[in-house]
Amino acid sequence: MASFIKSKLKAARDAIGKKDYKGAEAAATQVLEYEPSNYNATVFLALAYLELGDQTKSLQTYIKATELNPEQALAWQGLSKLYERTEKWDEYAATLRHLTDLFGKQGDVMKCADALQKYIETHRSHGSRDQVIEALSLLLPSSSLYTTLSMLPEPTPTAPASTTTYDIQLAIYNSLPTFEEIVALTERVEEERIKKEVERRRMRLGAPRPEQIKNEVAREVWDASELPSLYNEILNHPNTGDELRRSTESKLLRRKLQHLESLPLLDESMIAKQKLLSEIEDLSNGVVLLGIPDELAWMFFLDSKDVYSIEEYGFLTLRQFTEVFASLHLSKVIRGYFDYMHISYDEEEITNDESPGEVFEDADPFTSVLDAASKLPNCILAQRIVSELYRLEGDHENAIKVAESGLRRVAKAEASYGKSLSRVKLAFQTVLAVSLVKYFPPKHHARASTILSEVFSQDPENIPSLIAQGSIFQHKYEWTNAEAIFQTVARLNPDHETKLMAWGERAWCIVQQTERIHEGINELKSVLETLDREEGKPEEKARAWWRLGKSLWDSGEKEQAYKHFVTALKRSPTFAPAFTSLGVYYADHVSPPDIDRSSKCFQKAFELDAREGEAARRLAEGFAEEREWDLVEVVARRTIEGEGGLEGGISNKDKVVSSRYLPTNAWAWKAVGVVELSRRNYPSAIQSFQIALRADGEDSVSWQRLGESYARSGRHAASIKALKKALDLHPDDWMSLYLLGDVYRLMGQYSSSIEVFEDVLKHHPDEMCVLSALAETHLSHARSQTVEGFHSRAEISAVASISVALELLDKGQGFRRVIWKTAADAAYELSQLESFDDTEAVKGALISLSSLIAASESITYIKEIIDLPLVIESNVSGYTALQVAVAAYDHIISLDSLDVSAAAATYFDAGLALNRLSAQIKDQDKSSTALKQAKDLIQRALTIDPYNDVYWNTMGNLNFVDNAKLSQHAYIKALECDAKSALTWTNLGLLYLFHGDLELANEALYRAQTLDPDYVLAWIGQGLVATMNGHHTDSHALFEHAVNISAEVPEADIEFSKRAFERLAEVVGPKSTAQADLLLLPFHALDRYCRRRPTDTAALHLFAMICERLNQTDLALDLVEKCIALLERSYEETEDVATEQQFALANGTLGRLRLATGNFFGAIEAFSSSLSLLSTDSNDTRTSTMRAHAHFGSGLAHFNNGELEAALQMFEGSLSELSPEMVNVRGHVAVLLAQTLWALGSDEARDSARGQLLECISNDPENVTAMTALVAMGILDSDDSLVDAALSEIQGLTLDKRGELDPGRIVPALLIQHHLALNRKKDALAVAQRAVHTQPLHDAFRRVLALLLLQLTEINAASAVIAGNRDVFSDTLDDNMRISAIAATIKGSDQAVVLSQKSVFVAPWKTDNWKALAYARASKGA
């Protein structure tokens, strides 16, 4: 067998050599048939399959071979060949990797290197960068293959083709290129990984800021990165050149720095952060030490250096930086700083032949530093240099900005590096604090003090900060503390100039302490002697001489002080305080005062320095005395600018902080506030007065002006607070009290306003402005009360307004036109009231006003309309007040000195009043004349003021009916003046509606609603349009909305109420809840309307009928009686037929109401009056109906009085009046007629009654009332056939029809009572069950059914029936509880007493409830 296998294996091998793959397949197959685990046969078979093209079988066979002997390379080599041929590169690479490890274990160096080279090339061609990195890593010394591969011979550069493993040999004997390639690939991989992950995370919901995401992703990648170790491998490699070493170190530094900045300031990250920081510092220190031109390393070295002064950076290091990076902006900043500070370059320390200082030989060092530093916003050193130079230059504003920016940069650097830069921070804080102290002192001293506290906690002897603290104490007038500070500064041995300044400031502080003034003078003289011996310093010398002069002035030596002031100006002619002191000398000391010289001195001082507040104030006072208000404003505004303005010199971003600054010169802010108030620039005025009050909160005038500014800007609540504060400070200031009253008037609090004005007049009775304001307030109060429906109060207010106006006219001649207008408007307001409560007061006011008009004899336009002088009769009315108002307006026109705008308004007022008067004048000629004159006056107003939309609108209203084209033109002109006027659009829409153009009307009214959704007339117009279009439901909804709007429009109330009452026909049943809901809103609307127009008889009658439907019978009686009285009075005056018919109709309503209240004799009287006024010969259906109604009502009254014959006669008369078409009404009358006949008692009358009912049913088969009456008669007569006949008629109706015709379910109730009367309880139960089944939610039948079940002792069924009731109203709740209590009592339940008690609690007036409670307690006791 072994020989057979060998022979077949040899045959297979030979066949493969001859490329006879079929033969090889056969031979290998034969071997495997005898020995299936033969490795060589399996490999030969797999190769044969591969060459024959059966790749699937080949793959399976190769895999089987590798499983048979994994340590043999032959199958793996074949498998790699298969994968390569099929281009399955991942599987091919994996196979090569296995072969590499296999050959490495076997020590076959060449085959291992060959497989590895193929593996690397495969990944280079078809793999990812990560795969290439992994493949190249196998060549590194850390690889497991490195020991084997190191046995390869050295490569022969002259014969690279002599071996297939040349690349591997090169990599083994020089790994540097491999490291470089791995580094390059890793850098790209990590960069792409970070970018891709950042983009992915940015898409998440609630993702943080992009910068935070980038840091998180970078930190995750860099924590696991191999790059630092790879960089170190390159740096430590013996073949690494200097250039590669520098670039690698630079990369390593950048990577570590980026990693450092990405780490958060958390406890768990601090160890890693500190380690990285130490490594970075070592790298950067090495770069600086060697002078390597790596900008990042140098910048990190400088920015991370924690030093207080720039000198501590090391001038040598800074010079070296400028040499290495000569073209960088930071180098320019450093060289500029050296030039500015006159720091010389030591040529021995400079390797260059050319001095860096030559760069700026033609340029200003300060400007050069600023230009270069502007391009370095994130450089700490650059910001330190710039802030220091700004401080030295005295540019405190920019020093503050740069120092603040530097502190922010330091904070960011500390967070990034994890290193404290306390000394750098201290330097910035020192610059910031010193600059804040000197920048518009003392506005920023509070903030500076906080910063100085931090500085002193680190450096208690910081000289610049101590000097700043001393200045703060000086501005606080804490002279002792300031002296101590400056003495400390002098003791610290600063430079000579600082020490001299400190002694001078100390001497000044001593002078300010009155008891030590002479000691201070001696100190100042000592300082002055030292200063005068030195060259230059004019400003310091002038200040010292001035201070000495000021000290002498305070000690009383005025003349000596004067000489010192002059000497100060000789030392420095631009020293402003000396000019101020000279001005004070000339103004206050010289006798007589030299005003010209003092004024010139003050002007010069103010020109030199706007912070000279004393000079500015005296200048402003002088200009104010000369009435030069523009110059006062100029001085005040420049003074404000000199103290830093509103913001204290800080930019807008700090406005919130600066808004708390206290002003140094409060008078300047007050002056500006008064100017802005006069210019109506109220926000600026408010701001100015507020700032002034921060400095002096007890200034009552400023509080008063602030309140006035608030009031004029519409901020009334704030105005009241300010004015009350002014009054608290100065209770006798009547002007503040007057302004307070005016604010109350503007707010609509008229009662409070009147009270305040009257309080002012108690002490100042002749103040015309207060009297005028009081009259105007009374008038506004009257208008407000009229709108709110308080007509009696409005009457009192209008009379009071006229009385005050008359008092004004009697006291003076000024403002007569304004006073007359107030009086005329008050009279016009009275004319809108149809009756008065206090007629004597109204009469007296109108007589007084008309007497003044008659005395003036200046009637212009009303001679032919009103008879003058006016005769005020005892029964004064609104018409009388209107006549007086028209005469007053006419008188205003005749007054002299009428300006143009006032003339237009007066013509308009007169025209408006005449138009209203024309509608009330009964004389048609006079009415026409009045209307014509009204139009003429409105036209005159338009001639004067053609851009007033109100005038055009009124012109349109006057021509609404007579001249549609002119009216439309007027409305359009009004819209040209004000296109957003809802009133004008509404009037235009109503014009279109009146003339039948519904489409245009709807469009115009819709525009009005859009402009003002609360304008009532627009909704009324839309309701009318809906009515015209037949949309009655929409119309009702629109009118209802109009009534619900808060504005009072009587037309809306009456129209809505009328339409709501007409809709009652749609509601079934006289006591329907829906009917009550429908009438509640009309009830309130008519109540409001009748209060406004108490003589409108139609409204009174309608209101009475609505009250009747709501069971408000007493109120209805009062209303209809008032209506009858008004109609009777009107009929006596006009004898109008329509009024007569209205009178008859009202009497019919009165009779019906009296009938409802049981006043049957009164009802008969009212119905008789109605019948007597209604003609019997009229063919008018309305008259016949009214007569039928009167007969019917009279019949009911007679019937209830027991006058059956008279009642019978009236019912018959009612039937005769009704037309045959009114079947329903005739049916009701017929039923009552039958009841009356039945009540007569005779057989003939009862037969007649039955006949009437049968005839009625035959005429109206659906008259359930007649049927039930017939059933009742049958029951009373025990006539079952009649009952059955009537019931058959009822049962012939459908259930729905029966429910509609008998909503009260009278028929089932009648049947139940009939069966119970005959002791047929089961029949009654059946009727009740059918009734409940037909209408299961009917509460009454459920109770009846429950009671019947109780009588039949079916207790559980009764409880279930009553418990199933879910539609229980409050008025029947006690009935259900009582029945439940009875059922519970019978069952012996403990709940019986509780339920009965609840029924008593709900309705204690019902005896049955108490009986049920007694029954329950008795049963429980038993």
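Note that the coordinates shown come from a computational prediction; the quantities given were computed from them, not determined experimentally.

Draft legend 1. View of the pattern of salt bridges. Counting across every chain of the model gives 56 salt bridges. Among the salt bridges present, the one from Lys57 reaches Asp54, with a minimum N-O distance of 4.0 Å. Among the residues examined, Lys57 registers a relative accessible area of 41% and is labelled partly exposed. Looking at Asp54, the relative accessible area reads 26%, which means it is partly exposed. The salt bridge partner of Lys419 is Glu281, with a shortest N-O separation of 3.3 Å.

Draft legend 2. The arrangement of the nonpolar core in detail. Counting residues in each nonpolar core, the largest one holds 84 residues, and the members touching the most others are Leu830, Leu846, Leu849 and Leu914. If one sorts the elements of this core by residue count, helix 45 (residues 878-894) sits on top with ten residues. If we ignore the near neighbours within four places in the chain, the residues touching Leu830 are Glu795, Ala798, Val799, Ile802, Phe836, Val842, Leu846, Gly878 and Ala881. By size, the runner-up hydrophobic cluster in this structure holds 67 residues, among which are Leu9, Leu79, Val109 and Ala135.

Draft legend 3. How the structure looks around helix 6 (residues 89-106). Helix length check: helix 6, at 18 residues, gives a terminal C-alpha distance of 25 Å against a target of 26 Å (1.5 Å per residue), a fit within 8%. Of all the positions in helix 6, only Tyr92, Ala93, Thr95, Leu96, Arg97, Leu99, Thr100, Leu102, Phe103 and Gly104 are classed as buried. For helix 6, the elements touching its buried residues are helix 5 (73-86), helix 7 (109-126), helix 8 (129-136) and helix 9 (146-149). Following helix 6 by one or two positions, Gly107 has its phi on the positive side, about 75°.

Draft legend 4. Structural detail: the side chain of Ser471. On the secondary structure map, Ser471 appears in helix 24 (residues 463-475). Those residues in contact with Ser471 that sit more than four places away from it in its chain are Val437, His445 and Phe486.

Draft legend 5. A look at the environment of Cys601. Along the chain, Cys601 turns up in helix 31 (residues 595-608). Among the residues examined, Cys601 registers a relative accessible area of 11% and is labelled buried. Each C-alpha atom of the pair Cys601 and Leu582 lies 6.5 Å from the other, and the pair is 19 residues apart in sequence. Apart from the residues lying within four places of it in its own chain, the contact partners of Cys601 are Phe579, Leu582, Gly583 and Tyr586.

Draft legend 6. Local environment of the packing of aromatic side chains. A complete count under the given rule lists 22 aromatic pairs for this structure. Where Trp89 meets Tyr92, the ring centres are 6.0 Å apart and the plane angle is 75°; that geometry is what we call edge-to-face. Remark: Tyr92 and Trp89 occur in helix 6; sequence separation between them is three residues, near one turn of the helix. Note on Tyr92: relative accessible area 5%, which makes it buried. Members of the aromatic cluster, joined through ring pairs, are Trp553, Tyr562, Phe565, Tyr585 and Tyr586. A cation sits over an aromatic face here: Arg793 above Phe790, 4.3 Å from the ring centre. Arg940 extends its terminal NZ or CZ atom over the ring of Tyr907, reaching a point 5.9 Å from the ring centre.

What counts as what
Residues numbered from 1 in each chain as written. Predicted model: local features only at pLDDT ≥ 70, side-chain atom pairs only at ≥ 80, totals over all residues. Heavy atoms only, no water. Salt bridge = Lys/Arg side-chain N within 4 Å of Asp/Glu carboxyl O. Buried < 20%, exposed > 50% of the residue type's maximum accessible area, 1.4 Å probe, protein only. Core = buried A, V, L, I, M, F, W, Y, C linked by side-chain atoms within 4.5 Å. Helix = DSSP H or I, 4+ residues; strand = E, 2+ residues; numbered from the N terminus. Contact = heavy atoms within 4.5 Å. Expected span 1.5 Å × (residues − 1). Phe/Tyr/Trp six-rings, centres within 6.5 Å; stacked < 30°, edge-to-face > 60°. Lys NZ or Arg CZ within 6 Å of the ring centre and 35° of its normal.

Geometric values such as these leave the question of function open.
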